[in-house]
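This is what each chain is made of:
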Amino acid sequence: MSTGTVATFEDSLERLEVGWTHTSSDELGDVLREVCDDPAVGVPLPFGAPLPEWVNTNPTPADLREAKAGVTAAGIGIADYGSVVVQGTPDGVEPVSLFCDRHVAVLQQSDIVPGMPEAFEWLGEEFRTGHSSAIIATGPSATADMGALVKGAHGPKDVHVVILDE
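Summary of the structure given here. (Residues numbered from 1 in each chain as written. Predicted model: local features only at pLDDT ≥ 70, side-chain atom pairs only at ≥ 80, totals over all residues. Heavy atoms only, no water.)

## Observations regarding the overall build of the protein chain
This is how it is decided: Starting at the N terminus, helices and strands are each numbered in turn, a helix being any DSSP run of H or I of at least four residues and a strand any DSSP run of E of at least two. Only C-alpha atoms enter the radius of gyration, while the globule expectation follows 2.2 Å times N to the 0.38, with N the number of residues. The cut-offs for exposure are 20% and 50% of the maximum accessible area for each residue type, with area from a 1.4 Å probe on protein chains only; residues under the lower value are buried, those over the upper are exposed, and the others partly exposed. In this description, contact between two residues means that some pair of their heavy atoms is separated by no more than 4.5 Å. Every accessible area reported is derived by Shrake-Rupley at a probe size of 1.4 Å, with residue values counting cover from the shown protein chains alone.
Each helix and strand counted, the protein chain has five helices and twelve strands in total. Taking 166 residues into account, the globule formula puts the C-alpha radius of gyration at 15 Å, and the protein chain, at 15 Å, falls close to it. The principal-axis extent of the C-alpha atoms belonging to the protein chain is close to 45 × 40 × 30 Å. Taken over 166 residues, the protein chain has a buried fraction of 46%. Taking all contacts inside the protein chain whose residues are at least 6 apart in sequence as the whole, residues at least 24 apart take part in 72%. Summed over all atoms, the accessible surface of the protein chain reaches about 8,500 Å², with 52% contributed by carbon and sulfur.

## Remarks on the pairing of strand β6 (residues 83–87)
Stated formally: Paired strands, in this sense, are two strands between which DSSP finds at least two bridges.
With four of its five residues buried, β6 lies for the most part within the structure. Sheet topology note: the strand β5 (residues 76–78)/β6 ladder contains three bridges and is antiparallel. Counterpart to I78 in the pairing with β6 is S83. Inspection of the sheet shows β6 paired to strand β9 (residues 134–138) by five bridges, in the antiparallel sense.

## Some details on the side chain of E10
Where we set the bar: The sign given to each residue is positive for Lys and Arg and negative for Asp and Glu; His and the chain ends receive no count. Criterion for a salt bridge: a side-chain nitrogen of Lys or Arg within 4 Å of a carboxyl oxygen of Asp or Glu.
Looking at the element boundaries, E10 is found in helix α1 (residues 3–15). Comment: no salt bridge for buried E10; closest opposite-charge side chain is R15, at 12 Å. Ignoring sequence-local partners within four residues, the contact set of E10 consists of W20 and H22.

## Re the pattern of salt bridges
One pass over the full model with this rule turns up three salt bridges. For D158, the salt bridge is made with R102, and the minimal N-O distance between the two is 2.3 Å. Here R102 lies in strand β7 (residues 102–108) and D158 lies in strand β12 (residues 158–164), a separation of 56 residues in the sequence. Relative accessible area serves as the criterion here: at 24%, D158 is assigned to the partly exposed category. A salt bridge links R128 to E125, with the nearest nitrogen and oxygen atoms 3.5 Å apart. Placement of both R128 and E125 in helix α5 (residues 116–128) is noted, with a separation of three residues, approximately one turn of the helix. Residue classification places E125 among the partly exposed residues on the basis of a relative accessible area of 41%.

## Some thoughts on the nonpolar core
Rules: In this description, a nonpolar core means a group of buried Ala, Val, Leu, Ile, Met, Phe, Trp, Tyr and Cys residues linked to one another through side-chain atoms lying within 4.5 Å.
Counting residues in each nonpolar core, the largest one holds 18 residues, and the members touching the most others are L28, L32, C36, L45 and V106. Residue assignment for this core shows that the elements contributing at least two residues are α2 (28–35), β4 (69–73), β7 and β12. Take this core: its biggest share by element is four residues, from α2. Residues within four places of L32 in sequence aside, it is in contact with L51, P52, W54, V71, V104 and V162. Counting residues in each nonpolar core, the second largest holds 14 residues, with V18, A79, V84 and A137 among its members.

## What to know about the sheet that holds β6
The strands making up a sheet are joined through hydrogen bonds of the backbone, oriented either antiparallel or parallel. Pairing is mixed in the open sheet, where four strands are placed in the order β8-β5-β6-β9. The sheet terminates laterally at β8 (112–113) and β9, the two strands that pair on one side only.

## Here's the deal with a negative patch on the surface
Rules: Only residues whose relative accessible area exceeds 30% and that take part in no salt bridge are eligible for patches, with like-charged residues grouped when within 9 Å of each other and nonpolar side chains (Val, Leu, Ile, Met, Phe, Trp, Tyr) grouped when within 5 Å. For the purpose of locating charges, the reference atoms are NZ of Lys, CZ of Arg, CG of Asp and CD of Glu.
A cluster of acidic residues, D26, E27, D30 and E34, forms a negative patch on the protein surface. Within the secondary structure, E34 is located in helix α2.

## Digging into the sheet that holds β12
Counted only if it meets this: Throughout, an axis means a line fitted to C-alpha atoms (over the contacting stretch in the case of helices), and angles, computed between N-to-C directions, take values from 0 to 180 degrees.
Strand order in the open sheet formed by six strands is β1-β12-β7-β4-β2-β3, with parallel pairing between adjacent strands. Only two strands of the sheet have a single partner each, and these edge strands are β1 (19–23) and β3 (55–56). Here strand β2 (residues 40–42) pairs with β4 via three bridges, running parallel. The residue bridging V41 from the neighbouring strand is G70, located in β4. Relative to β1, α1 is tilted by about 145°, and along the sheet it contacts β1, β7 and β12. This element, α2, spans β1, β4, β7 and β12 of the sheet and lies at about 165° to β12.

By themselves, these observations are geometric and do not establish any function.
Here's what the structure looks like:
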């Protein structure tokens with residue numbers, strides 16, 4: 001991963017009107033406090049960056065309905081598109097990324113890949129080693145099925161990506 005790849009990812013996020021923040025694992029809680037409205041739900045992050053206690057990591061369906069923000073890990077970011085890949089889990093991480101008005105995706109800077117060929121290579125390896133599903137999310141949910149563009153029709157109205165610098 002090069003600095004050019006990260007810059008391309010940031011440019012793609014801006015084109016999609018997706019906010020982004022660089023931070024360290026130590027400062028993650030402070031950044032999440034800035035970008036998440038209460039109540040917030042989330043799933044434990046796999047790369048050792050703990051979520052703050054105020055993020056509910058064991059939400060009920062009622063908690064999901066009430067949550068304003070959902071925090072998940074992203075396995076990779078795809079620079080050319082500003083997409084993040086959220087891996088499905090047996091306990092169902094997907095609702096946390098799709099149900100709330102704001103999805104906050106956290107990924108490591110080293111997990112940003114240039115384009116789809118690298119993303120498909122990564123996804124192929126993930127599927128071969130037991131992961132059975134993933135969501136490739138590109139910006140807020142949007143549809144124009146019935147005329148004018150509507151954001152948040154089938155998922156989050158707003159997305160923010162937190163990039164953990166290493």
